[in-house]
Every structure is written in C-alpha cells, then in structure tokens.
Amino acid sequence: MPCTTYLPLLLLLLLFLLPPSLESKVIIKGNQTILSFKAIFRLGFFSTTNGSSNWYLGISYASMPTPTHVWVANRIRPVSDPDSSTLELTSTGYLIVSNLRDGVVWQTDNKQPGTDFRFSETGNLILINDDGSPVWQSFDNPTDTWLPGMNVTGLTAMTSWRSLFDPSPGFYSLRLSPSFNEFQLVYKGTTPYWSTGNWTGEAFVGVPEMTIPYIYRFHFVNPYTPTASFWYIVPPLDSVSEPRLTRFMVGANGQLKQYTWDPQTQSWNMFWLQPEDPCRVYNLCGQLGFCSSELLKPCACIRGFRPRNDAAWRSDDYSDGCRRENGDSGEKSDTFEAVGDLRYDGDVKMSRLQVSKSSCAKTCLGNSSCVGFYHKEKSNLCKILLESPNNLKNSSSWTGVSEDVLYIREPKKGNSKGNISKSIIILCSVVGSISVLGFTLLVPLILLKRSRKRKKTRKQDEDGDTLGEKETEPEKWFFPPWAAREIIQGNVDSVVDSRLNGEYNTEEVTRMATVAIWCIQDNEEIRPAMGTVVKMLEGVVEVTVPPPPKLIQALVSGDSYRGVSGTSCSEGHGCSDLNTGLSSPGSRSSFGRPSP
C-alpha cells in the first residue's frame, strides 16, 4: 500500500507524542485586579492623576486610603486605552502588557518559558515553569522601591520615578557599589553622590543607626565579591501580630527614604532619609538652578532667569534648570549679579586669567558663550565660565569678605517674576549664623524671664493672688524685639542686611517678615497653621499687619508700638480680619501700615 495511506495515522500519533501547547491566558483586563495572599498587595492598571491618558500596570498596597505604588511594569511605555489593556501569559511563555491601540508595550525577558504565575504576599510577581521554579520575578526587576525580602545583587538597581506623577525612569538609582561592599546613590547610573560606607559585618560605617535595636534584620552574603547579595526582613513583634509594613524608596528628588506604616493614623511615617541635605543630591536643580535646603522648595532661579520647563518645576522636577529670561544668547549690554561664594556639581569648561574684576567682566561680555565668572579679589584670579554650572549652592557663610565670588551674567535689569533674588541667597547662607546669635540672646533672656517669674511668685505669695498666666505661650525668645517693632511700623528696610545695597524685592522681604510676626503671636489660636504659612509665603493668600506681641512690647523698654486691632478696612478693597491675618475676597495686603 502507498505510504500516503498511513499519513493521517502518523500525524495523529505525532500529536500524541508532542507536549501539549500552551494557550495564551489573560490574567487581568481593564479595571480587574488581583490581590496577593493575605490581601496586602494589589496588581492592576492605574493612572497617576485623574483624567490622565497614561495608564500603567503596577503593584500597590491594597489597604491604603491613598495608593502607594511599589512596582511598575510598563513605566517606559504607558497604555492609552485602559479598557482594552491586558496582562497576558502568552503561548510562548512570556508575560506581556498590551492593548488593541498600542500593541505590546511591555514584556518579560525570561530565558526559559513560563507556564504559570504567582503573586506572593511579599508583593513579588513571579513567572514559574512546570516544576514551580521561577524563570522571572518582579523582585529582580524593581522600579523605585525596595521591599522586605527583595534580594539586591550587583545586577539590581532601584531607579526613581522621573517626577511625582511620572513613573518613567528618573535620574537617581540605588545600587551596590562596583566593589560590592557598600550601597551608593548614583546620578544617571555613573556619578555617586552618597554611600553607606563599608560593611563591617553587622552594619554599614556611614549608617550608625543600624547598630541600635532595629525593627529590621539585615543579611549580607558574600560581600566584596561579584556574588554579593543583600536583603532585609521585618520579623513580627510577637507570635500573633503581622510584621510592620515598611519600604525603602528612591525619591524623584534623589533622596533615599525609609517608611513604616502607622495603622492608627493611616499614614506612612518617614523616619530616615539620606542625604539629609537635598542640595547634596547631584544636579538636583539643573543648569543655573540655585539649591538651598532653607527654601520652601529646594530649587529656584537667580534673578534674570526662569525655569526652562515651568510644568516640570510645578511637579518638583527641576532637572532642566534655568534659562535667561530673554533667551540663551548673551548680549554686550548684559550686567553681572554677584551671587556669593557658590560651588556647583561636576566640571565646567573655563579659562583662567590673572586680571582685575572689571577686566574679567569685560572679557566675559566679549564672549557669547560666557555665562559668568569667578573672581578672587586678593589674587585677581579670574575664571571665565564657558558652560552653565549645575546645581549652584552656598560653599560658605556670607562674611562680607571678598573670596572666590561668582558673578552670573544676566540681562539688563528689569522686572523679574518667579525667580530668586540675591537677598534670598544671602538669607540662606547666613541662616546658621542667625541661629547662633539667637541662641546667644536666648540665655540672658531666659534668665530675665526666670527672674521676673520669681518676683511674680513672691508677689503671689504675699498678696494671695492667682496668676493664670500662660507660659510664653519659646519661639519668641529667638526673634529680635527691635526687628519686630521695625517690621510692624513699616520699616522693613532697617532690618535688611545693608550689604545688599538695596538690591532685593521689598514685597518679598516684607511678606516674609510679616509672616514671621504672625508666627510668634501671644495667642496660639491666631497663629497660622504650617500649611497657611506656606500659602502666605507663596503669595496665594494675602498677609495683613499682625498685632504686636505683648512679650516683645514688654522686652523693649521705653519703646511702645502703634498697635493695630480689630478689623482693617480700606475703601474699595474690602476688609481683613486681624485675628487670622488673611484677607477676605476683594481685600489687599496691608504690609507695613501702622494704625493711626
């Protein structure tokens, strides 16, 4: 018989001999979610803002009132149609995220095909083969968060989000060092700016907190070798309670933060972070951005400059830095702003000359690539900057003595909004000195207070009267009484450092000074809350003239205040309540106007 007669039989036999093929399996579609064992974590699609067209597959805590995302799959390519988006285990053994509009936007990179998946109680998404062995897991491919049980090796790195609302890879990562003996925070994967120090066998040298009784147990296997592996666990406090929820996170601002969940307050407590000074984060404020930990937000632009990307700055992404308000090219009519003895991150192309300051400035103006210069008066050393420096910050306190002063090239002076003046830079540099002065004044003032209190106590014993006096309702002792008097009477210029030569924004300084007086009011109930203080300083709410604190009146012997009380009204501008310092609709600020 011809062999073709047996062909159907041979094909049928072959099908029985071959292993069964894996069919594609949809794990999640649209708004469906999967809970981990014990319902601690949730796997599903999310967006970072309401109304956003960008959607991501991610893992978050399931029980939090506010979503806390710990892992994102398609952080580089979001999907735009969440309803048709799926997480799927393909017939070839890969996990993919896809939809009809965008196609496949993410896929696992496992070397062996997977046949099933698990979602563990630790928050780990695991792709397994037939014998249950993992062929891929999210713990080996983290985003910005380090969870308990997550093993960190030389191939692992936690990389920050780009901004608070953009989970795409940012500039900052946590990794084991190339010597496998310490952890480093690095910029763009190459430039370290903070490290834990070497491992001693029990702790890292630069993290002394690890030597005290800790809620974590750390494990470091094979340090100093390419097979080094580090992880931590959180044991339960007792035999019946669950371990605390905790996490490390590399923030979009480049700081490593450690959180624990407080079930009573239903919020995360951040009890450790490094580096503590945000200005130590490499290139946080970008080119020509000024960084100071004393500002409401760490980054600002020098006068004459503005953010390159306003929308990014509003999301606390300052990486694009600042630009000249009238363009990037220099003009020969430009002037120079002395911004102090500032340092910057990285290297800058420059040329060095031995000339006077005026000659240094003239040389810079003649080169359109020059963005500024350093000049040291004692040695006449001139350093012409031919590139924009990154992440400017104070290198020493402002002493008034000419050191290596930076002069930034800026457009001819005009009205500049939304940027920082020289007064603010100097304010940030001398804040430490003010604190020392305040402490020096505090000691005799406390002694004076105790002396007066003893006298009042003796008088009470003699007369049998009861005081009911409140303790001074300490922050007042640090505020110079004469400054408060000058501010309330409208003489703000008298309390500003004369070395500024009048080059500051009077409205900004007045606002800051007036808010300070509101914060030291005798009656605690009329002191503004911290959130209100921020809005006052940002100019979101108007600030009125505060009542003079009684303690300050008492301390300034022989001087009296021309106080304000009740309600302040002006024709056509509404009224403001002096008990709150906030203006009603239609009202205007009453800076520096003593009542008649």
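The rules behind the values
Residues numbered from 1 in each chain as written. Predicted model: local features only at pLDDT ≥ 70, side-chain atom pairs only at ≥ 80, totals over all residues. Heavy atoms only, no water. Disulfide = S-S within 2.5 Å. Helix = DSSP H or I, 4+ residues; strand = E, 2+ residues; numbered from the N terminus. Buried < 20%, exposed > 50% of the residue type's maximum accessible area, 1.4 Å probe, protein only. Core = buried A, V, L, I, M, F, W, Y, C linked by side-chain atoms within 4.5 Å. Contact = heavy atoms within 4.5 Å. Phe/Tyr/Trp six-rings, centres within 6.5 Å; stacked < 30°, edge-to-face > 60°. Lys NZ or Arg CZ within 6 Å of the ring centre and 35° of its normal. 1 Å grid on protein atoms, 1.4 Å probe; cavity = no way out; pocket = protein on both sides within 12 Å on 5 of 7 lines; lining within 4 Å. Points joined across faces, edges and corners; volume = space filled by probe spheres on them. Nonpolar A, V, L, I, M, F, W, Y, C, P; charged D, E, K, R; others polar. Pairing = 2+ DSSP bridges. Polar contact = N/O pair within 3.5 Å; in protein donor to acceptor, adjacent residues only side chain to side chain. Axes fitted to C-alpha atoms, helices over the stretch in contact; angles between N-to-C directions.

Identification of the protein chain as non-specific serine/threonine protein kinase from Arabidopsis thaliana is taken from an unreviewed UniProt entry.

K.L.:
Help me understand the state of the cysteines in this model?
P.N.:
Here, disulfide denotes a covalent bond that connects the sulfur atoms of two cysteines. According to the stated counting rule, one finds five disulfides in the structure shown. Between the sulfur of Cys285 and that of Cys299 lies a disulfide, 1.9 Å long from S to S. The sign of the S-S torsion, about -80 degrees, decides the handedness of the disulfide formed by Cys285 and Cys299: left-handed. In this pair, Cys285 is assigned in the loop between β22 (267-274) and β23 (289-291) and Cys299 in strand β24 (residues 299-301), connecting sequence segments 14 residues apart. The exposure classification of Cys285 matches that of Cys299, with both residues buried. In this model Cys364 forms its disulfide with Cys370; the gap between the sulfur atoms is 1.9 Å. Across the S-S bond of Cys364 and Cys370 the torsion is about -100 degrees, and the bridge reads as left-handed. Of the two residues, Cys364 and Cys370, neither departs from the other in class, the shared state being buried.

K.L.:
I tried to follow the nonpolar core on my own but got confused; where do I start?
P.N.:
Generally speaking, soluble globular proteins have nonpolar side chains that are buried together. Within the largest apolar cluster, 86 residues are counted, with the highest numbers of intra-cluster contacts made by Leu87, Leu95, Trp106 and Trp146. Broken down by element, this core gets its largest block of residues, four residues, from strand β15 (residues 166-176). Setting aside residues up to four positions removed in sequence, Leu95 forms contacts with Ile27, Leu87, Glu88, Leu89, Trp106, Gln107, Thr108, Leu125, Leu127 and Trp136.

K.L.:
Explain the side chain of Thr159 to me, please; I cannot follow it from the model alone.
P.N.:
Tracing the backbone shows Thr159 in strand β14 (residues 157-163). Those residues in contact with Thr159 that sit more than four places away from it in its chain are Arg75, Thr143, Asp144, Pro169, Gly170, Tyr172 and Ser173.

K.L.:
Is there a simple way to explain the packing of aromatic side chains in this structure?
P.N.:
For any pair of aromatic rings, the description rests on two quantities: the centre-to-centre distance and the angle between the ring planes. This model, assessed by the stated rule, comprises 37 aromatic pairs. Summarising the aromatic geometry, the rings of Phe171 and Tyr172 are spaced 6.4 Å apart at their centres and angled 80 degrees between planes, so their arrangement reads as edge-to-face. Summarising the burial analysis for this pair, Phe171 and Tyr172 share the class buried. The ring of Trp268 has Arg247 lying over it, and the distance from NZ or CZ to the ring centre is 4.3 Å.

K.L.:
Just to check I follow, could you spell out empty space enclosed by the protein for this structure?
P.N.:
Taking a probe equal in size to a water molecule and rolling it over the atoms shows the remaining empty space. When its volume is computed, the largest cavity comes out at roughly 160 Å³. In terms of lining residues, the largest cavity is bounded by 15 residues, among which Trp146, Thr196, Phe218, Phe248 and Trp272 are the most central. For the lining of the largest cavity, a count of residues per class yields 13 nonpolar, two polar and no charged. Of the volumes computed, that of the second largest cavity is approximately 70 Å³. As for the second largest cavity, its lining consists of Arg162, Phe171, Tyr172, Ala252, Asn253, Leu284, Asp316, Asp317, Tyr318 and Ser319.

K.L.:
How should I be thinking about the layout of surface pockets in this particular structure?
P.N.:
One number sums up the size of the second largest pocket: a volume of about 910 Å³. Along the walls of the second largest pocket sit 44 residues, with Asp144, Trp161, Ser163, Leu164 and Met249 positioned nearest its centre. Taken together, the elements giving at least two residues each to the lining of the second largest pocket come down to β3 (41-46), β4 (56-61), β14, β20 (246-250) and β21 (256-262). The element that contributes the greatest number of residues to the lining of the second largest pocket is β3, accounting for five residues. The residue makeup of the lining of the second largest pocket, split by class, is 20 nonpolar, 16 polar and eight charged.

K.L.:
Looking at this structure, how should I read the pairing of strand β11 (residues 134-137)?
P.N.:
Regular strands have side chains that alternate between both faces of the sheet. Two strands pair when backbone bridges link them, and strand β10 (residues 125-128) and β11 are joined in this way by three bridges, in the antiparallel orientation. Of the residues in β11, the one forming a bridge with Leu127 is Trp136. Linking β10 back to β11 in an antiparallel pair, the connection comprises five residues, with Gly132 at a positive phi of about 85 degrees.

K.L.:
Got a minute to help me understand the environment of Pro298 in this structure?
P.N.:
Considering the arrangement of structural elements, one finds Pro298 in the loop between β23 and β24. Taking C-alpha positions, Pro298 is 9.3 Å from Tyr318, a pair spaced 20 residues apart along the chain. Those residues in contact with Pro298 that lie beyond four places of it in its chain are Pro278, Leu284, Cys285, Phe290, Cys291, Ser292 and Tyr318.

K.L.:
Just checking my understanding: could you explain the side chain of Ser173 for this structure?
P.N.:
Its place among the elements puts Ser173 in strand β15. Within polar-contact distance, the side chain of Ser173 engages the side chain of Thr159 at 3.0 Å. The residues touching Ser173, leaving out its near neighbours within four places in the chain, are Met158, Thr159, Gln184, Leu185, Val186 and Val250.

K.L.:
What should I look at first to understand the pairing of strand β17 (residues 191-195) in this one?
P.N.:
Examined bridge by bridge, strand β16 (residues 183-187) and β17 share four bridges and lie antiparallel to one another. For Gln184, the partnering residue across the bridge sits in β17 and is Ser195. Hairpin remark: β16 followed by β17, antiparallel, with three residues in the connecting loop; positive phi at Lys188, about 55 degrees.

K.L.:
Looking at this structure, I do not really get the sheet that holds strand β7 (residues 95-99). What am I missing?
P.N.:
The strands making up a sheet associate through hydrogen bonds between their backbones, and the pairing can be parallel or antiparallel. The sheet built from four strands is open, its strands ordered β1-β6-β7-β8 with antiparallel pairing. In the strand order of this sheet, the two ends are held by β1 (25-29) and β8 (103-107), each with one partner. Geometrically, the sheet is characterised by an average inter-axis angle of 30 degrees between neighbouring strands, direction not taken into account. The sheet contact formed by β7 and β8 spans four bridges and is antiparallel.

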